[in-house]
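Analysis of the macromolecular model
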Amino acid sequence: MSILPEIGRLDSHSGWERSWGSCHPGVQRRTRKAAGTVTVEKRLLLSQSEANDMEMLALTCANAAGTSIKFSHLLRAMTMWMMHGREHIEHEFQKTPGLVRPPNQDTLGLAEFETEIAAVLARALKSAPPMK
């Protein structure tokens, strides 16, 4: 049984298109039509330092790519990446016993918890096939 919600398979061909220009041969791009209208807002709380780091990362990526890239673009891309590798993510979490979410007041515990989640995601997505 999956611990991740079934919200549609992003890796199915119905939600992707093959042509994305000569700079991305063979890479599939999710179309807005297939993805649906973006209407759901999810909150993400960051410290001021984290927010600054994320904005700097987006700016660095934008400068390297030569186009406008905002933090929201990076976050949506990471969401697609995680959905692409969700079976691997589920498998890695199943192999990670003893993961317990601390209470909200335990900021150090939450930081450690989120670091462990990041490590699980890194292992899972490293083992996932490349996005096509």
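The structure displayed is predicted, hence computed values, not measured ones.

Quick look at the environment of K70 now. Structurally, K70 is set in the loop between helix 2 (48-65) and helix 3 (71-84). Given a relative accessible area of 46%, K70 falls into the partly exposed group. For the pair formed by K70 and E55, sequence separation is 15 residues and the distance between their alpha carbons is 7.4 Å.

Take a nonpolar patch on the surface next. Residues L44, L46 and L75 make up a contiguous nonpolar surface patch of about 250 Å² in total accessible area. Positionally, L44 belongs in the loop between helix 1 (32-35) and helix 2. Of the residues examined, L44 reaches a relative accessible area of 48% and is grouped as partly exposed.

Moving on, we come to the confidence of the model for the protein. Averaged over every residue, the pLDDT of the protein is 80; the share at 70 or more is 73%. When the elements of the protein are averaged for pLDDT, strand 1 (residues 16-17) gives the smallest value, 34, and helix 2 the largest, 97. Scored below 50 in pLDDT, residues 1-27 makes 44 contacts in the model with residues more than four places away or belonging to other chains.

In this section: the environment of C61. Relative to the helices and strands, C61 is located in helix 2. Residue class for C61 comes out partly exposed when judged on its relative accessible area of 25%. Residues C61 and F71, spaced 10 residues apart in sequence, show a C-alpha to C-alpha distance of 9.8 Å. Setting aside chain neighbours within four positions, we find C61 in contact with I69 and L74.

Rules used throughout
- Residues numbered from 1 in each chain as written.
- Predicted model: local features only at pLDDT ≥ 70, side-chain atom pairs only at ≥ 80, totals over all residues.
- Heavy atoms only, no water.
- Helix = DSSP H or I, 4+ residues; strand = E, 2+ residues; numbered from the N terminus.
- Buried < 20%, exposed > 50% of the residue type's maximum accessible area, 1.4 Å probe, protein only.
- Patch = residues over 30% accessible without salt bridge, like charges linked within 9 Å, V, L, I, M, F, W, Y side chains within 5 Å.
- Areas by Shrake-Rupley, 256 points an atom, 1.4 Å probe, with all protein chains shown as cover.
- Salt bridge = Lys/Arg side-chain N within 4 Å of Asp/Glu carboxyl O.
- pLDDT = per-residue confidence, 0-100.
- Contact = heavy atoms within 4.5 Å.

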